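# Descriptive structure summary
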Amino acid sequence: MYLNVTIATSIKYGNYKQYLRAAQNLQKFVNKAAPHLEKLLDVPAEMDVRIRPIYKSKYTTMYGRYVHTGDRHIELDPRYGIKSAIQTFMHEMVHVEQFHSGALEYNTWDGQYRWKGVDTDNQSIAKNYQEYLELPWEKEAYSRQKELAIAICSMTEYDVTF
């Protein structure tokens, strides 16, 4: 798998320069992990990963996210440490796999999610963090992120304990 990993200008030159070393370490890890990801997940051959500050929402602390509309990419925030970043990266890679395999679909026309062929009720989509955690695709991503993080660290010989 090829990952185009970039660090945001705000980290390189702007208000978040103090996170440059953390961002560079995360970039190094993601590049090292890239060739091993297809052994663990059903993912596309190429994608972008952007390392940048991400701001909290009502759903999550936003250590990272998978932007599944437009130019699909993962965003990772380096401000929370390498251990969190690796688990978040693997969580987001599960979402990449969910969309790539068709298990999770999103209709941009009506904002409707479909999980394993079943439309979600737009009125019941997460209104807060607890409801977000109950979404079936989030349950799957959270249940797999640690085991995948351990596996990818083992494959890359990256020394992090989870």
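Above this text sits the structure in question.
Residues numbered from 1 in each chain as written. Predicted model: local features only at pLDDT ≥ 70, side-chain atom pairs only at ≥ 80, totals over all residues. Heavy atoms only, no water.

## Thoughts on helix α5 (residues 136-156)
Taking 1.5 Å of rise per residue, the 21 residues of α5 would be expected to cover 30 Å, and the 30 Å separating its terminal C-alpha atoms lies within 8% of that figure. Considering bend angle alone, the principal kink of α5 is centred on Gln-145 and spans about 40°. Where α5 is concerned, the buried positions are Trp-137, Glu-138, Ala-141, Arg-144, Gln-145, Leu-148, Ala-149, Ile-152, Cys-153 and Thr-156. If you follow the buried residues of α5, they end up packed against α2 (20-40), α3 (82-101), β5 (104-107), β6 (112-115) and α4 (129-134). Directly after α5, the chain includes Glu-157, whose backbone phi takes a positive value near 55°. (Helix = DSSP H or I, 4+ residues; strand = E, 2+ residues; numbered from the N terminus. Expected span 1.5 Å × (residues − 1). Bend = angle between axes of the 7 residues up to and from the residue. Buried < 20%, exposed > 50% of the residue type's maximum accessible area, 1.4 Å probe, protein only. Contact = heavy atoms within 4.5 Å.)

## Looking at the pattern of salt bridges
In this structure the tally under the stated criterion is eight salt bridges. A salt bridge links Arg-65 to Glu-75; the nearest nitrogen and oxygen atoms lie 2.6 Å apart. Of this pair, Arg-65 sits in strand β3 (residues 64-67) while Glu-75 is found in strand β4 (residues 73-76), placing the two residues 10 residues apart along the sequence. Residue Asp-77 is joined to Arg-79 by a salt bridge in which the shortest nitrogen-to-oxygen separation is 2.7 Å. Here Asp-77 falls in the buried class, since its relative accessible area comes to 1%. Residue classification places Arg-79 among the partly exposed residues on the basis of a relative accessible area of 23%. Several salt bridges share partner residues, and in doing so they unite Arg-52, Arg-65 and Glu-75 into one network. (Salt bridge = Lys/Arg side-chain N within 4 Å of Asp/Glu carboxyl O.)

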